[in-house]
Amino acid sequence: VQLQASGGGSVQAGGSLSLSCTVSGRRASEYGVGWFRQVPRKEREFVAAIKWSGDSPLYADSVQDRFTISRDTAKNTVFLRMDGLKPEDTAVYYCAAPQTTNTHYTSWRGYQYWGRGTQVTVRE
């Protein structure tokens, strides 16, 4: 299973970015996909996740109502739309997939497959 994240960049505060995570080796819908972010010297932080069923996406409180996770099953891709970006959203963003559906979707420990990160920088 391989994941490839893309779409990062630099944007001014209040702006928007969309990240994509393309999954290969399995269907993106098979076990779900999560997005995490990390800044230096801090633990990887949960951002959002979409389960295998596609129902009830999960969001961190800090991004609720600003970020939207979605998927295109035909393209085997999961998206993270980020609106109203804040400087504190600056981080390397990673997408990940669990090995089973019986996992803790909001913890990085619940995921076994990780893509390379993509940098998101939000300027003041």
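Scroll up to find the structure this text is about.
Now for a look at the structure at hand. (Residues numbered from 1 in each chain as written. Predicted model: local features only at pLDDT ≥ 70, side-chain atom pairs only at ≥ 80, totals over all residues. Heavy atoms only, no water.)

## Focus: the pairing of strand S1 (residues 2–6)
Here is step 1 of the chain: Residues of S1 alternate between two faces, with Leu3 and Ala5 buried on one and Gln2, Gln4 and Ser6 left unburied on the opposite face.
Here is step 2 of the chain: Where S1 lies against strand S3 (residues 17–24), five bridges are found, and the strand directions are antiparallel. Across the sheet, the residue bridging to Gln4 is Thr22, located in S3. (Buried < 20%, exposed > 50% of the residue type's maximum accessible area, 1.4 Å probe, protein only. Helix = DSSP H or I, 4+ residues; strand = E, 2+ residues; numbered from the N terminus. Pairing = 2+ DSSP bridges.)

## Points about the pattern of salt bridges
Here is step 1 of the chain: Counting across every chain of the model gives four salt bridges.
Here is step 2 of the chain: Salt-bridge contacts for Asp89 lead to Arg37; the nearest nitrogen and oxygen are separated by 2.9 Å. Remark: Arg37 occurs in strand S4 (residues 33–38) and Asp89 occurs in the loop between strand S8 (77–82) and strand S9 (91–97); sequence separation between them is 52 residues. For the pair shown, Asp89 and Arg37 are each scored as buried.
Here is step 3 of the chain: The closest approach of N and O atoms between Asp83 and Arg81, which form a salt bridge, is 2.9 Å.
Here is step 4 of the chain: Here Arg81 falls in the partly exposed class, since its relative accessible area comes to 38%.
Here is step 5 of the chain: When salt bridges with common partners are traced through the structure, they connect Arg37, Glu45, Arg66 and Asp89 into a single cluster. (Salt bridge = Lys/Arg side-chain N within 4 Å of Asp/Glu carboxyl O.)

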